[in-house]
Each structure stands twice: as C-alpha cells, then as structure tokens.
Amino acid sequence: MYRDFNKILFFSLFFAILLSSCVSPKKFISNGQYDLAIEYSVKKLKKKSSHTKSIFTLEEAFNRANQIDNDRISFLELQQDDSNLEEIFSVYNNMKRRQLLVKTVYPFNSSVASGVTLNFVNFDEKMMSYKKDASDYLYSKAKKLLLNKDKLSAREAYRNLIRVKGYYPNYNDNIDFDIQFAKNQGTLYFLLKVKNKSNVILPNDFAKDLKRISLGGLNRMWKEYHSQVDSLIDYDYFISLKINEIQVSPEIQREKEYNESKTIKDGTEYVLDSNGNVLKDSLGNDVKRPKEVEITCYVNEIYQKKSAVVTGSLEYLNLSSNQIKFTDPIRYETSFEHKSAKCVGDKRALSKETKKICSVQTLPFPSNPGMIMMTADGLKNVMINIISRRDGNLK
C-alpha cells in the first residue's frame, strides 16, 4: 500500500514538472507566441509581484509583440487598400488589449526591474478613425454587392453589414433594414405544392392536410421551406408532390367459425361404489369430489381489410431557370385492418386472445376518400425524409 502511494506521488510530481515545462514562457517566446508568454507572465506576477524572471520575460514578449504589430500596420498602410482597414483596426485593438493586460502588473514591484520601462501608447484616436473608415468601407461594399442580385453576393453583404452593426449598433437609420434585406436576398425559399395527376378525385381536405407538413425543423440560415404561400416572397424553388396514381383495394371480409372447449371444475359430486351407491368414508360420511364438466363456446371470427396505395414523385423546379433540378419517386401504402368476433356460449372456455377479440365490435369499412386521407401522414413523413436528404445539394 505504501509502495503504491509512492508510485502515485512520483507520477503526480513527474506530470506536474512535465506540464510546467510545456508551458514555459521562454518556450512561448521561442515559438513566437508572445501574447501567450505575456498572459503566463502576468499570472505569475499577480501571484508574486517580484518574480524577476517573469518581469524580464514580460518585457521581451511585450516589446517583440508590439514591434510585429507595428510592422504589420505599416505594411498594410503602405498598400493603401481599403480592404485592409478592418485588419488595421483589429491589430490596434489587440495592441490596446495587450497594454491593458500588462498595466494590471505594471509598474513592477522589484528593485531588479527598476530599469525596465515599457512604452504605452494611446491608440484610441487611431482606433476610432480606422473603425469608422472600416465600417464605411464594409457598408459601401455591401450595398454594391446587393446590386448583383445573386445569393452568394447577398450573403457576403449580410456578413459585412453584421460587422458594421457590431462596430456601430446605430451606424445609420437604414442598417437594420439593410441587414434584413440582405438576409432575404441571400436566402433560398422553397414552396411545397401538391399536384394531382391521377384519375382519382382527391378529397377536399387532402391537399390541405399534406401542406400542414411541419417543415420548420428544416429551416436554417439561408434556407426557408414554406408549405403555405407568402405573397411577399419571390420563391426560388417549387417542391411539387405529383400524385400519379391512387389505388384503393376492394373491401375484404373473411369469417372463420370454430369452437373452443375446456374442462373445468364446477361444484362437487358424490363418489359411487361399484354397486352404484354413494361411497362412505371410515367415519360414515359421504365421499365427494370436484365435479368436472366440459364447456364450449362458439366463435365467429371476422377479419376485415382494405388498403390504399399512392404513388408519384417529388419534383424540384428551379424557378429562375424553369428547369427540373431533382425528381424522387414516392410511394406510400396504408391499410385498414380489423379483427373482431361474435361469441356464443360459455366464455370461460375461451383463451385470453380469443376473449380479447370477442370484446371487439365489427367496424364499418372506411370509404375510398377516407382511405386516401389515411395516406396523408405517411406521405408527409416520406416527403420530409426526401427534402432532408436533398437539402445538402442546394446552396
């Protein structure tokens, strides 16, 4: 037990040393991860403000990180490309965040670090200028992209406008309208339609019931599925359920007659001797025994069945090109099946299963329109599965 504890202690110390070596601030510096070195050193100094090694590590990492950022800003400014404005603002923002972090432990509390001086700069004016210029550039670019009137351009415009609103929630009076407009323009809209191409007259509520399909679970960014038309939307695709054939079977009713019998104990009877007299026991009492009787019940079992099959296809029509994008076959079958029975006689003779059937009454067969209506829920599930599968093919 003691040896096991020593092993555990040894491995715990080993992994602690290994972990501390992995996060050495000097290693961060050698890898060019200056901000990680700064964060690590700040944590150390918050625990021990006079930790000399962390002070010098922080100084080195801070100066190197700032030099890289300043060089990057100078390079981007020399390009004179408005698309760089947002990156310049981002670099200044990172430099400000770095300064604020270092200020939490500066000035350093160590006589050794008395000669360490860090140069802090006020970036606010430049940040405000570049944020404004970047926002103006992003907004102007978004408005130009929206003139292309295509989905991908509208989605890029939307992302640019969202960034503008992130910088300035009230950038202008139209920013929210522009964002919604870009979202609408970049979204693919699908409308579900039902077309009867069969020779069967559909029930009045059949198409309505099919279009009550729940498509909300398929909606997400840049895609919306509608089962009811919205007059304010220009749809990109019609998803048409084309019903090509409907078959309703004849009514089938089969009857089966049989008896079920069982021997049961029903009261008692006297035991007779070989002469036909009542047998007596040793005390002179009449001897009795359970009386066994055979009981029977007549069963008229009735089986009813009627089915309906709907076949067709789910067709995607691209409204901009007026071409069929996809066509998937659809088939769904539903059945009305019912079992009942009429039982006459002693029902104690029946098995458990037969007793259940005897308690069920015969039902009237559904009408042909009723059978067609019964296929609606199944067809909706088939459509949802196809639409879900095809969703990834449409961008």
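Let me begin by describing the structure that accompanies this report.

1. Brief notes about the overall build of the protein chain
Then, in step 1: Helix and strand counts for the protein chain come out as 12 helices and six strands.
Then, in step 2: Against the 2.2 N^0.38 benchmark of 21 Å for 395 residues, the protein chain shows a C-alpha radius of gyration of 42 Å, more extended than a compact globule.
Then, in step 3: For the protein chain, the spread of C-alpha atoms along the three principal axes comes to 135 × 80 × 30 Å.
Then, in step 4: Every one of the 395 residues in the protein chain was classed for burial, and the buried ones make up 37%.
Then, in step 5: Considering only residue pairs separated by 6 or more positions, the protein chain has 73% of its internal contacts joining residues 24 or more positions apart.
Then, in step 6: Carbon together with sulfur atoms contributes 51% to the accessible area of the protein chain, which is approximately 24400 Å² in total.
Then, in step 7: Taking the average location of the 61 positive side-chain charges in the protein chain and that of its 48 negative ones, the two points are 4 Å from each other.

2. Focus: the packing of aromatic side chains
How two aromatic rings sit relative to each other is given by the distance of their centres and the angle of their planes.
Then, in step 1: Evaluation of the coordinates by the stated rule reveals 15 aromatic pairs.
Then, in step 2: With a centroid separation of 6.5 Å and 70° between ring planes, the pair formed by Phe28 and Tyr40 is classed as edge-to-face. With Phe28 in helix H2 (residues 25-30) and Tyr40 in helix H3 (residues 34-47), this residue pair connects regions lying 12 residues apart in the sequence.
Then, in step 3: Look at Tyr168 and Tyr171: their rings are 6.3 Å apart centre to centre, the planes differ by 50°, and that puts the pair in the tilted class.
Then, in step 4: Here the aromatic cluster, defined as three or more aromatic residues joined through ring pairs, consists of Phe62, Tyr106, Phe108 and Phe120.
Then, in step 5: Sitting over the face of the ring of Phe120, Lys103 holds its NZ or CZ atom 5.3 Å from the ring centroid.
Then, in step 6: Lys193 extends its terminal NZ or CZ atom over the ring of Phe238, reaching a point 4.6 Å from the ring centre.

3. A few points about the pairing of strand E6 (residues 323-345)
Along any regular strand, the residues point their side chains to alternate faces of the sheet.
Then, in step 1: Examined bridge by bridge, strand E5 (residues 288-318) and E6 share 22 bridges and lie antiparallel to one another. When the sheet's bridge partners are listed, Tyr298 is paired in E6 with Val344.
Then, in step 2: From the end of E5 to the start of E6, which pair antiparallel, there are four residues, and Asn322 there has a positive phi angle of about 60°.

4. A closer look at the pattern of salt bridges
Then, in step 1: According to the stated counting rule, one finds 27 salt bridges in the structure shown.
Then, in step 2: Of the charged contacts in the structure, one is a salt bridge between Asp391 and Lys223, with a shortest N-O distance of 3.5 Å. With a gap of 168 residues between them, Asp391 in helix H12 (residues 376-391) and Lys223 in strand E2 (residues 223-226) connect regions that are remote in the sequence.
Then, in step 3: Across the pair Glu251 and Lys306 runs a salt bridge whose closest N-O atoms are separated by 3.7 Å. Note that Glu251 is positioned in the loop between strand E3 (237-248) and strand E4 (252-270) and Lys306 in strand E5, a separation of 55 residues in sequence.
Then, in step 4: The exposure class of Glu251 is partly exposed, given its relative accessible area of 48%.
Then, in step 5: With relative accessibility at 3%, the residue Lys306 sits in the buried group.
Then, in step 6: Taken together, the shared-partner salt bridges in this structure form one network comprising Asp35, Asp69, Arg97 and Arg98.

5. Describing the layout of surface pockets
Then, in step 1: The volume enclosed by the largest pocket comes to roughly 310 Å³.
Then, in step 2: Lining the largest pocket, in full, are Lys149, Asp150, Lys151, Asn184, Gln185, Tyr189, Leu232, Ile233, Asp234, Tyr235 and Asp236.
Then, in step 3: Looking at the lining of the largest pocket residue by residue, the class counts come to four nonpolar, two polar and five charged.

6. Examining the environment of Tyr270
Then, in step 1: You can see Tyr270 is positioned in strand E4.
Then, in step 2: Of the residues examined, Tyr270 reaches a relative accessible area of 43% and is grouped as partly exposed.
Then, in step 3: Aside from chain neighbours lying at most four places away, what touches Tyr270 is Val278, Asp286, Val287 and Lys288.

7. Concerning the environment of Ile55
Then, in step 1: Locating Ile55 in the fold gives a position in helix H4 (residues 52-79).
Then, in step 2: Expressed as a C-alpha distance, the spacing of Ile55 and Lys325, which sit 270 residues apart in the sequence, is 65 Å.
Then, in step 3: Residues contacting Ile55, with those up to four places away along its chain left out, are Leu45, Ser49, Phe108, Ser110, Ala113 and Val116.

8. What about the side chain of Glu86?
Then, in step 1: Within the fold, Glu86 resides in helix H5 (residues 85-102).
Then, in step 2: Overall, Glu86 belongs to the buried group, its relative accessible area being 17%.
Then, in step 3: In this structure Glu86 touches Ala134, Leu138, Arg163 and Tyr167, once residues within four positions along its chain are discounted.

9. As for H4
Think of an α-helix as turning once every 3.6 residues; residues three or four places apart then point the same way.
Then, in step 1: For H4, with 28 residues, the first-to-last C-alpha span of 41 Å sits near the 40 Å given by 1.5 Å per residue.
Then, in step 2: In this structure, the buried residues of H4 make contact with H2, H3 and H5.
Then, in step 3: Trailing H4 by a residue or two, Gln80 shows a phi angle of about 55°, which is positive.

Procedures and definitions
Residues numbered from 1 in each chain as written. Predicted model: local features only at pLDDT ≥ 70, side-chain atom pairs only at ≥ 80, totals over all residues. Heavy atoms only, no water. Helix = DSSP H or I, 4+ residues; strand = E, 2+ residues; numbered from the N terminus. Rg over C-alpha atoms; globule rule 2.2 N^0.38 Å. Buried < 20%, exposed > 50% of the residue type's maximum accessible area, 1.4 Å probe, protein only. Contact = heavy atoms within 4.5 Å. Areas by Shrake-Rupley, 256 points an atom, 1.4 Å probe, with all protein chains shown as cover. Lys, Arg positive; Asp, Glu negative; His and termini not counted. Charge placed at Lys NZ, Arg CZ, Asp CG, Glu CD. Phe/Tyr/Trp six-rings, centres within 6.5 Å; stacked < 30°, edge-to-face > 60°. Lys NZ or Arg CZ within 6 Å of the ring centre and 35° of its normal. Pairing = 2+ DSSP bridges. Salt bridge = Lys/Arg side-chain N within 4 Å of Asp/Glu carboxyl O. 1 Å grid on protein atoms, 1.4 Å probe; cavity = no way out; pocket = protein on both sides within 12 Å on 5 of 7 lines; lining within 4 Å. Points joined across faces, edges and corners; volume = space filled by probe spheres on them. Nonpolar A, V, L, I, M, F, W, Y, C, P; charged D, E, K, R; others polar. Expected span 1.5 Å × (residues − 1).

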